[in-house]
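Listed below, chain by chain, are the residues.
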Amino acid sequence: MTTANQNANLANSERYRNNFLKEVEANVEEGHMVKMCMQCGVCAGSCPLGNAWEHSPQKIFMMIRAGKRDEVLGSDSMFMCTSCYNCMVRCPRQLPITHIMHGLANYAHRLGLAPKGQPTREFATLFWNNAIKKGRVNELTLTLRHYFRGGLVSGIKEALGMQSIGLGLFLAKRLNPMEIFGGHGVKDLKGFHAIIAKAKEIEDRKKGFSA
Amino acid sequence: MAKKEYAFYPGCSSQLKASASNYLVSTNSMCKSLDIKLTEIPDWNCCGASVGYCEGGELPRIAINARNFAQAETHLPGQDIVATCAACWLSARESKERLDGSAQLLKETNEALAAAGLHYDGGANVRHMVEVLIEDFGYDGLKAPMKKSLEGIKFAGYVGCQTNRPFGIVGESFENPLYLDKMVETFGGEALTGYDQKVTCCGGALAFSEPEKSQKQIRDIVESAYDAGAEMIVTPCPLCQANVEVYQSEINKKQGTKFNMPVLYYSQLMTIAYGGSAKDAGLNGQLIRAEKLEKIAGK
């Protein structure tokens, strides 16, 4: 956890003391809708990864209202979201559940409270950084960085395991080894990065992340 | 002049030699037959996709989508933005709805865009290619340029998640959307309406980060296609296509199955039905060859 994260975490937990719902409403994407949940459990039964998480969206929403800050922000459940939107279209109270789960994941990640080493948390970070580096995703470097995330030895093992698939995609002209030298990107990279920097600055200021 | 013109948002996976390059090849062929002119949004960028939320947050994600809208508004005024990728469409349309619904968010987004000298007015519509086909052409309109029937091939129409939820195609249900089956039937193929994993999630980006969980989903999707008697799976989503096709060999290796089910895009079916060659349809881009379709193409 970086010092900036720690400071934001301490400041926000102090500011909203005993009212985690208010904290979520103010800082989490679509968090103002959490209080609409009526605890019916349709979301829990609709999730394709239902047997993989500890807390269903239904539980997470009740835990937010019960002030279980550490448990919610330390849960790995939000990172099990595949963005299939099944919970969201079935919710009888029309909560944007997928967005709230994404928002909670982002908030927990930014505060440094999300589970360390959680694979989707790591992959998601890798993905965003890869996409914004040149403005378009470089599938080759994204894949390689993902395989080699645990070091050289495990990386070689994992990459070799996927060798035949990689070769197949290459032969089908769906993978380009030359992407290692750069690949596709936007032309106005300076402008693209300036937009992201400005947007991040505005968001950080609102959510108490700026120093 | 072309019958219809759109501002095209191909997305990262559709680029030359990327994982869905065969989607782009077949889309271009299909559009040629329908007299659709697609003009790429100049200098478009990534939408942030489904896993962008974790590191990207809310405003940066919406701002990069608005950059594409601003580019389209400036350079291709009056044209609807059309995406072929499910995630591109979803991220873009979601961003647009948020921006349309909040003056505050629009103000902040324009503040960010101003850093690159851009501005978004809220003009352009964001649509998926399937919406364009069904709403602007209709099944009869799509049938008009047909030269060959796909008769004799049994298709499992795998709609997946993101072209179906949360927006979907107007008039379709989330639980049992029928448009893909209707498209298959339009071109003479047999649509297997008993295919019960039609709207199951393939695991999305978790195919990378949590392969075991995702491969359980993929196994269900492929197995159910076999159970329904399918010879091919057809889908509108590039991530569905890649996950469901690419990992079959992995599942075979780990679980002793013998999956070898081709997974096609609707645009590939249509290209063949419009008399295009296997190459026009990007069939050389399949890891699991669609031999029956190749045979029709060669006739």
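None of these values were measured; they are calculated from a predicted model.

Parameters at a glance
Residues numbered from 1 in each chain as written. Chains lettered and ligands numbered in written order. Predicted model: local features only at pLDDT ≥ 70, side-chain atom pairs only at ≥ 80, totals over all residues. Pairing = 2+ DSSP bridges. Helix = DSSP H or I, 4+ residues; strand = E, 2+ residues; numbered from the N terminus. Axes fitted to C-alpha atoms, helices over the stretch in contact; angles between N-to-C directions. Contact = placed C-beta atoms within 7 Å. Buried ≥ 20, exposed ≤ 12 C-beta atoms within 10 Å, placed from the backbone. Nonpolar A, V, L, I, M, F, W, Y, C, P; charged D, E, K, R; others polar. Core = buried A, V, L, I, M, F, W, Y, C linked by C-beta atoms within 7 Å. Domains from an automatic or database assignment. Parallel < 35°, antiparallel > 145°, perpendicular 65-115°, else oblique.

A.B. asks: Report on the pairing of strand 1 (residues 4–9) of chain B, specifying residues and quantitative values.
C.D. replies: All names here are of chain B. Where strand 1 lies against strand 2 (residues 36–40), five bridges are found, and the strand directions are parallel. Looking at the pairing, Tyr6 lines up with Leu38 of strand 2. As judged from the three bridges shared by strand 1 and strand 3 (residues 81–83), these two strands associate in the parallel manner. Residue pairing for strand 3: Phe8 is matched across the bridge by Val82.

A.B. asks: Outline the sheet that holds strand 1 of chain B, supporting the account with residue identities and numerical values.
C.D. replies: All names here are of chain B. Taken in spatial order, the four strands line up as 2-1-3-4 in an open sheet, and their pairing is parallel. Two strands close off the open sheet at either side, each with one partner strand: strand 2 and strand 4 (126–128). For this sheet, the mean angle separating the axes of adjacent strands, direction not counted, is 40 degrees. Strands in contact with helix 4 (residues 86–101) are strand 1, strand 3 and strand 4; relative to strand 4, the strand with the most contacts, it is inclined by about 155 degrees.

A.B. asks: Tell me about helix 12 (residues 266–273) of chain B, and please be specific about residues and values.
C.D. replies: Counting buried residues along helix 12 of chain B, eight of its eight residues qualify, which places the element largely inside the surrounding structure. On its buried face, helix 12 of chain B is in contact with helix 1 (21–33), helix 7 (179–186), strand 7 (232–235), strand 8 (263–265) and helix 13 (291–298) of chain B.

A.B. asks: Explain the interface of chain A and chain B residue by residue, including any values.
C.D. replies: The interface is formed by 53 residues belonging to chain A together with 54 residues belonging to chain B. Elements that contribute at least two residues to the side of chain A that touches chain B include exactly helix 6 (86–90), helix 7 (97–111), helix 8 (119–134), helix 9 (139–147), helix 11 (163–171) and helix 12 (189–206) of chain A. Here the side of chain A that touches chain B is composed, by residue class, of 26 nonpolar, 16 polar and eleven charged.

A.B. asks: Go over the sheet that holds strand 6 (residues 190–191) of chain B, please, and point to the residues and values.
C.D. replies: Residues and elements named next belong to chain B. An order of 6-5-7-8 is seen for the four strands of this open sheet, with the pairing classed as parallel. In this open sheet, the two strands that pair with only one neighbour each are strand 6 and strand 8. Across two bridges, the pairing between strand 5 (residues 154–157) and strand 6 is parallel. Residue pairing in the sheet places Lys154 in a bridge with Glu190 of strand 6. Against the sheet, helix 10 (residues 238–246) engages strand 7 and strand 8, with an angle of about 165 degrees to strand 8.

A.B. asks: Outline the nonpolar core, listing residues and values.
C.D. replies: Within the largest apolar cluster, 157 residues are counted, with the highest numbers of intra-cluster contacts made by Ala63, Ile81 and Val234 of chain B. Not counting chain neighbours up to four residues away, the residues in contact with Ile81 of chain B comprise Ala7, Tyr9, Ile41, Phe69, Ala72, Ala92, Ala124, Asn125, Val126 and Arg127 of chain B.

A.B. asks: Outline the domain arrangement of chain B, listing residues and values.
C.D. replies: All names here are of chain B. Along its sequence, chain B is carved into domain 1 (4–128) and domain 2 (148–298). A straight line from the C-alpha centre of domain 1 to that of domain 2 covers 25 Å. Listed by partner, the interface residues are 21 residues for domain 1 and 23 residues for domain 2. The set of elements that each furnish at least two residues to the side of domain 1 that touches domain 2 consists of helix 1 and helix 4. The biggest single contributor to the side of domain 1 that touches domain 2 is helix 1, with nine residues.

A.B. asks: Describe the domain arrangement of chain A, with residues and values.
C.D. replies: As assigned here, chain A comprises domain 1 (3–117) and domain 2 (119–200). Domain 1 of chain A and domain 2 of chain A are separated by 28 Å when their C-alpha centres are compared.

A.B. asks: Now, about the environment of Asp220 of chain B: what can you tell me, with residues and values included?
C.D. replies: Residue and element names in this part refer to chain B. For Asp220, the location among the structural elements is in helix 9 (residues 211–227). Taking the C-alpha atoms as reference, Asp220 lies 25 Å from Leu90; in sequence the two are 130 residues apart. Excluding anything up to four places from it in sequence, Asp220 contacts Gln197 and Thr200.

A.B. asks: Pulling in residues and values, what's your account of the packing of helix 3 (residues 58–75) of chain B against helix 4 of chain B?
C.D. replies: Residues and elements named next belong to chain B. At a minimum axis separation of 9 Å, helix 3 and helix 4 run at an interaxial angle of 95 degrees. Considering their axes alone, helix 3 and helix 4 lie roughly perpendicular with respect to each other. Between helix 3 and helix 4, the residues in contact are Ile62, Asn65, Ala66, Asn68 and Phe69 and Ser91, Ala92, Ser95, Lys96, Arg98 and Leu99, respectively. Taken together, the residues of the contact of helix 3 with helix 4 break down into five nonpolar, four polar and two charged.

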